[in-house]
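Chain by chain, the residues run as shown.
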Amino acid sequence: MKTKQIRLAERPVGMPNEDNFKWTEEDLRAPDTGEVVLKSLYISVDPYMRGRMNDQKSYVEPYGLDEVISGGVIAQVHQSNSTELEEGDFVIGNLGWATYQIAHEDALRKIDPSQAPITTHLGVIGMPGITAYFGLLDIGKPEPGETVVISGAAGAVGTVVGQIAKIAGARVVGIAGSDEKLAYLKDELKFDAVVNYKTDDLFESLKQACPDGVDVYFDNVGGEVSDAVLRLINKGARIPVCGQISLYNLKKPDLGIRVQPNLLVNSAMMKGFIVSDYGAHFQDAVTDLAKWLQEGRLQYKETVVEGFEKIPEAFIGLFKGENIGKYIVKVAEPSN
Ligand SMILES: NC(=O)c1ccc[n+]([C@@H]2O[C@H](COP(=O)([O-])OP(=O)(O)OC[C@H]3O[C@@H](n4cnc5c(N)ncnc54)[C@H](OP(=O)(O)O)[C@@H]3O)[C@@H](O)[C@H]2O)c1
């Protein structure tokens, strides 16, 4: 049987483009003992993948040139040579951008489609949701009545951060890049105030949105947006540094305002984290997130595009702000 794959053809310089990827097709071998043949159903595109396209040391290995790009994938077992997984089972794993592939049972986690829609394992109860949970609750530690500001607020991580902050009793201010996103945050997710960083006077709008200053700043984007928020922090502010997407495609390092004096005079804490730091406690997050989801206290949105060939375009779309909530590519229908 044949499989199509998407590989890294060349390392992007600046904003990625379609020429950075190449499509291949090859025959799939038979699965060995403990292995299964998987049919990809939903492929996750995530900003961290941009870092893996550079040849530089980070918390995950860079993709090799010509290597099949990999990331979060929800797949269905098409053929099984495993005693743990049966044909038709749904699984999630760190898998390739491929229509079909072979994986070992140990590299997969079975998911129960009756518990929650399977795509939620890529978003609200998956890696982005878990990131939001630990970044906010372990580092941000919002108290009732405090002001929590979130950049990248309408994305996969940001939407969950804001809702958990509301559950914690905080006042929530979201920053995002379109009025459609702001309307979603305000009307559906009940954020207290919203700011469009592209069209509003950023600092003045933030000042109005945060009359009591900023106690927690959940930073998903960095750059000038963060420079503006940091001018408003209160004494004892906590700043979980989750992502810096505004810097990922820069060709030269961005020299910004030095933050240390501001942290110093406010006895503030800024802490970077990677979700895998909390690997031993993932189940705690998933239990709470799934419970809030079932209780209707947590809502989610997904931007789903269809077609295996659309994956690079969707990935690039993350940097253009195309998505509200989790960005996912649907590759195939599940089989019965
Ligand atoms: N630390 C961790 O373990 C961890 C785990 C997951 C994700 N992250 C990070 O968290 C952040 C959010 O990830 P996500 O998966 O939830 O992605 P996402 O927010 O769903 O998608 C990316 C969003 O970023 C915004 N964006 C793109 N370019 C921007 C720019 N130049 N300036 C400001 N905003 C920009 C866009 O929204 P707008 O329309 O609002 O611009 C876009 O929709 C990323 O920085 C990611 O790297 C970190």
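Small disclaimer: the values here were computed from a predicted structure and weren't measured. (Residues numbered from 1 in each chain as written. Predicted model: local features only at pLDDT ≥ 70, side-chain atom pairs only at ≥ 80, totals over all residues. Heavy atoms only, no water.)

Caption draft 1: Looking closely at the overall build of the protein. A tally of regular secondary structure across the protein gives nine helices and 15 strands. The C-alpha radius of gyration computed for the protein amounts to 20 Å, which stays within 12% of the reference 20 Å derived for 336 residues, consistent with globular compactness. Taking the principal axes of the C-alpha coordinates as reference, the protein spans close to 60 × 45 × 35 Å. When burial is assessed residue by residue, the protein has 54% of its 336 residues classed as buried. Sequence-distant contacts in the protein: of pairs separated by 6 or more residues, those separated by 24 or more amount to 67%. For the protein, the separation between the mean place of its 34 positive charges and that of its 47 negative charges on side chains is 5 Å. (Helix = DSSP H or I, 4+ residues; strand = E, 2+ residues; numbered from the N terminus. Rg over C-alpha atoms; globule rule 2.2 N^0.38 Å. Buried < 20%, exposed > 50% of the residue type's maximum accessible area, 1.4 Å probe, protein only. Contact = heavy atoms within 4.5 Å. Lys, Arg positive; Asp, Glu negative; His and termini not counted. Charge placed at Lys NZ, Arg CZ, Asp CG, Glu CD.)

Caption draft 2: Fine view of the site of the ligand. Surveying the vicinity of the ligand reveals 26 residues, the closest of which are Lys181, Tyr197, Tyr248, Val275 and Asn323. Ala156 has a polar backbone atom sitting 2.9 Å from an oxygen atom of the ligand. The contact in question runs from an oxygen atom of the ligand to an N or O atom on the backbone of Gly177, over 2.8 Å. Listed by contribution, the elements that provide at least two residues to the shell around the ligand are α2 (127-140) and α3 (156-167). Of the residues assigned to the shell around the ligand, the class counts are 15 nonpolar, 10 polar and one charged. Each of domain 1 (2-123 + 301-330) and domain 2 (127-278 + 286-292) accounts for three or more of the residues forming the shell around the ligand. (Near = heavy atom within 4 Å. Polar contact = N/O pair within 3.5 Å; in protein donor to acceptor, adjacent residues only side chain to side chain. Nonpolar A, V, L, I, M, F, W, Y, C, P; charged D, E, K, R; others polar. Domains from an automatic or database assignment.)

Caption draft 3: Examining the sheet that holds strand β11 (residues 214-218) more closely. Strand order in the open sheet made by the six strands is β10-β9-β8-β11-β12-β13, with parallel pairing throughout. Among the strands making up the open sheet, the edge pair consists of β10 (193-196) and β13 (269-272). Taken pair by pair, the neighbouring strands of this sheet meet at an average axis angle of 15 degrees, ignoring direction. As paired elements, strand β8 (residues 147-151) and strand β9 (residues 171-176) share five bridges and run parallel to each other. Opposite Ser151, over in β9, you have Ile175 as the bridge partner. Across the sheet, α3 is in contact with β8, β9 and β11; its angle to β8 comes to roughly 175 degrees. (Pairing = 2+ DSSP bridges. Axes fitted to C-alpha atoms, helices over the stretch in contact; angles between N-to-C directions.)

Caption draft 4: Layout of the packing of helix α5 (residues 202-209) against helix α6 (residues 223-230). At a minimum axis separation of 9 Å, α5 and α6 run at an interaxial angle of 45 degrees. Comparing the axis directions of α5 and α6 gives the class oblique. For α5 against α6, the interelement crossing comes out right-handed. Judged by residue contacts, Leu202, Phe203 and Leu206 of α5 engage Glu224, Val225, Ala228 and Val229 from α6. Within the contact of α5 with α6, the residues separate by chemical class into six nonpolar, no polar and one charged. (Parallel < 35°, antiparallel > 145°, perpendicular 65-115°, else oblique. Left-handed = near helix turned anticlockwise from the far one by under 90°.)

Caption draft 5: Broad picture of the domain arrangement of the protein. With domains assigned, the protein is organised as domain 1 (2-123 + 301-330) and domain 2 (127-278 + 286-292). Put simply, the middle of domain 1 and the middle of domain 2, counted by C-alpha atoms, are 28 Å apart. Taken residue by residue, the interface counts 21 residues in domain 1 and 15 residues in domain 2. Between domain 1 and domain 2, roughly 1400 Å² of surface is buried when both sides are summed, and carbon and sulfur atoms account for 64% of that area. Where domain 1 touches domain 2, the interface holds zero salt bridges. At the junction of domain 1 with domain 2, the criterion picks out five residue pairs in polar contact (both at pLDDT 80 or more). Of the residues that constitute the side of domain 1 that touches domain 2, the class distribution is 10 nonpolar, six polar and five charged. (Buried area = accessible area lost by both parts, 1.4 Å probe. Salt bridge = Lys/Arg side-chain N within 4 Å of Asp/Glu carboxyl O.)

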